[in-house]
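# Chain and residue survey
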Amino acid sequence: MFGIKYPIICGGMMWLCKPKLCAAISNAGGMGNLTAGNYETEEAFRAAIQETRRLTDKPFMVNITLLPSVRITQEHHRMYVRVCAEEQVAGIEFSGTPLDKALGMEAIELLKKSGVKLFHKVGAVRHALHAEKIGYDGIYAAGIEEGGHPLNDDVTTMVLTAKMAATLKIPVVAVGGIADGRTMAAALALGAQGIMMASRFIATKECEVHDRIKEELVKRQEYETVLYGKSIGLQGRGLRTKVLEEILAIEARGGGFEELIPLMSGLRVKEAWEKGDVDYAPLMVGQSIGLINDIPSCKELIETMATEARQYLAQAYRATGGTEI
Amino acid sequence: MKTKITEMMGIKYPILLSGMSWISTPRMVAAVSNAGGLGILATGPLSPEQTREAIREVRRLTDKPFGANASLLFAAARENARVLLEEQVPVINFALGKGDWIVREAHKYGGKVIATVVNLRHARRAQDYGCDAVIATGNEAAAHGEEVTSLVLIPHLVENLQIPVIAAGGFADGRGLAAALALGAEGIAMGTRFMATQESPLHENYKKLAVEKDVYDTIFSDRFDGLLCRIMKTEAAERAVKKGLNLMAAFFNSRDIARQMNVPYWKMFFGVLASGWSTARQLAYMANAFKMIKMATEEGDTRTGVLPVGQVQGLIHDIPTVAELLERIVHDAKKTENRLANIFSS
């Protein structure tokens, strides 16, 4: 669909998916991500697209999260969509409310007319079927292991990917728990046409985040993430840290939105990423952090994954008694 | 097929039947072993005498390798483990306890021992005990598990262990087998998928439900039997989880269990109390769960029964024979790998 070398796509991450990381991934043969929410004005957003294009001539995705937020309003969402259409970006990863309900069918028509491919990140087949019906080009199927906001259906990538691939006609990109060649090979075996990773790309040389954060992800294990925010209807998965313990404690004693929001605000997260203070704000990473053991360049990472995936599939092939790859 | 597990156990396909109470009965175990997999007999609800009789029954029904499980959580189950050793069961699968003595005794007669684990800490301990393999249970599995899912848990264990890993949780078809092998597992264990087969003793009502229910129709909670446990989402299950522990019911249900296992009730009662409050509470929880699972599996009672199932129930659409199922899984795994070979060669 995009003419990329490897079906390895970066997922949207607030404050992290900026031109440098985005271009590094696309140049390495994968598909980088530029997260629109980083930019509050049209000029800044357009400038970021143009800067990414200076750094790479390869396609990349834009992330637009269609959720109500204090900082980013529906007006921003409209602006992002219009700029993406004008700039004819390769594809958009939407999450949250489906585009028809958030901005109307005309937004979909506008983008399709401009040749922008539309993907929506969903956690349930019913949501995927809706996206398929209204004209999306593909689905990011997010299992419960993902960092960010997994759907509270709590279905895992292993089961969800297989179910989505068997049910949908449009391509499925597997999300959640993928960070190396083995997990990528497994996702493709389950029927995914590609994989999306986010946490893994934080621990790369090109990601603009404090080194302490990258080192923390290498150190921490798969059981050290936790689901929170269930009580306010916005489930999230993040690294188990002091601030998340505090958030869980507030939720446990029935503390509401007002108490929680100051601890969870986007600007606080930005500060934590920059200062390298893991205990300052919730860092939304997935269970795949247990599979992160180093901090390579994006090119090294993507090439190692592709080589390993091929190697593990060859092993599987020998086991079932097929011919060699 | 050929993996470390097929070689170790002398079986045709690296596909195991999980030991599920009231499901993995001698007939079911033999059906899986006869079809080229490895059946694991569930001894949870059996007395030592019944366990011995069940093993002999399996041997009457198949001359292929088979296994039997032993939960080491409570004393009566340890008795069952001793019976497995006396009967020289080819593969012993233990969980929830210290199994080093089982490994020592089984290895004397050439038996193999596999531990069911939910994290790397347990898996390392099993390896230190001398276990021959582990079954790694991901979050999506039926019954007891933790938060980490198969996709992440399996490669993590494969990287950190020397002994083979058998993947459990989320596997029901050929794509799943291919995925497990790609993750580095040497085989898979399936429970939910085998429940919905012709030979399975699961009540027809629940076989039908397993086909109807979707991937998200499960509940994962520690308010069913006191441990984190995944069960089919039904009205009865939601009621059970909402209510939590009912001590009065536990009293009556534990009397049934004592009768069924041929233990005098006073002996069981004081045995449980002597084990300390947290164990006693756990056992009380389990006494009730036992009853609810039995109501589901044996009676097919959809109003009060509760059935542990995995998320993978949403990938089940039919009720084939065990032999058809195994052939189909292996065939589809090969097909999946051919498809991937094409992707990678282009």
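Residues numbered from 1 in each chain as written. Chains lettered and ligands numbered in written order. Predicted model: local features only at pLDDT ≥ 70, side-chain atom pairs only at ≥ 80, totals over all residues. Heavy atoms only, no water.

### Focus on the packing of helix α6 (residues 120-129) of chain B against helix α7 (residues 150-160) of chain B
All names here are of chain B. Following both chains from N to C, one finds α6 and α7 inclined at 35°, their axes separated by 10 Å at the closest point. The crossing of α6 and α7 is right-handed. Side by side, α6 and α7 meet where Leu120, Ala123 and Arg124 of the first sit next to His156, Leu157 and Asn160 of the second. Its residues placed into classes, the contact of α6 with α7 shows three nonpolar, two polar and one charged. (Axes fitted to C-alpha atoms, helices over the stretch in contact; angles between N-to-C directions. Helix = DSSP H or I, 4+ residues; strand = E, 2+ residues; numbered from the N terminus. Left-handed = near helix turned anticlockwise from the far one by under 90°. Contact = heavy atoms within 4.5 Å. Nonpolar A, V, L, I, M, F, W, Y, C, P; charged D, E, K, R; others polar.)

### Quick notes on the interface of chain A and chain B
The interface of chain A with chain B comprises 43 residues on the first partner and 42 residues on the second. Together, the buried faces of chain A and chain B total about 3800 Å²; carbon and sulfur atoms form 66% of this surface. Sorting the residues of chain A by area buried against chain B places A:Met158, A:Arg182 and A:Thr320 first, and these three jointly supply 18% of that buried surface. Counting across the chain A and chain B interface gives one salt bridge. Note that B:Asp214 is salt-bridged to A:Lys163, the shortest N-O span being 3.3 Å. (Buried area = accessible area lost by both parts, 1.4 Å probe. Salt bridge = Lys/Arg side-chain N within 4 Å of Asp/Glu carboxyl O.)

### Thoughts on the sheet that holds strand β4 (residues 91-95) of chain B
Residue and element names in this part refer to chain B. Here we have eight strands rolled up into a closed barrel, ordered β1-β2-β3-β4-β5-β6-β8-β9, and parallel in their pairing. Averaged over neighbouring strand pairs, the angle between their axes works out to 25° when direction is ignored. In the sheet, strand β8 (residues 165-168) pairs with strand β9 (residues 187-190) via three bridges, with the strands oriented parallel. When the sheet's bridge partners are listed, Ala168 is paired in β9 with Ala189. (Pairing = 2+ DSSP bridges.)

### A few points about the pairing of strand β5 (residues 117-122) of chain A
Moving residue by residue along a regular strand, the side chains alternate between the two faces of the sheet. Residue and element names in this part refer to chain A. Summarising burial for β5: five of the six residues are buried, a large majority. Pairing between strand β4 (residues 91-96) and β5: five bridges, direction parallel. Paired with Gly91 across the strands is Lys117, a residue of β5. Relative to strand β6 (residues 138-142), β5 runs parallel, the two sharing four bridges. (Buried < 20%, exposed > 50% of the residue type's maximum accessible area, 1.4 Å probe, protein only.)

### Quick word on helix α10 (residues 211-219) of chain A
Residue and element names in this part refer to chain A. What α10 keeps buried is the set Ile213, Lys214, Glu216 and Leu217. Viewed end-on, α10 has its buried residues packed into an arc of 160°, placing them on one side of the element. Each element contacted by the buried residues of α10 is listed here: α9 (199-202), β10 (236-239) and α13 (266-275). (Arc of directions from axis to C-beta.)

### Side note on the pattern of salt bridges
Evaluation of the coordinates by the stated rule reveals 40 salt bridges over all chains. Residue A:Glu42 is joined to A:Arg82 by a salt bridge in which the shortest nitrogen-to-oxygen separation is 3.0 Å. In this pair, A:Glu42 sits in helix α2 (residues 42-55) while A:Arg82 sits in helix α3 (residues 74-87), placing the two residues 40 residues apart along the sequence. A relative accessible area of 22% places A:Glu42 in the partly exposed class. Across the pair B:Glu212 and B:Lys208 runs a salt bridge whose closest N-O atoms are separated by 3.5 Å. Of this pair, B:Glu212 and B:Lys208 both sit in helix α10 (residues 204-212), four residues apart, roughly one helical turn.

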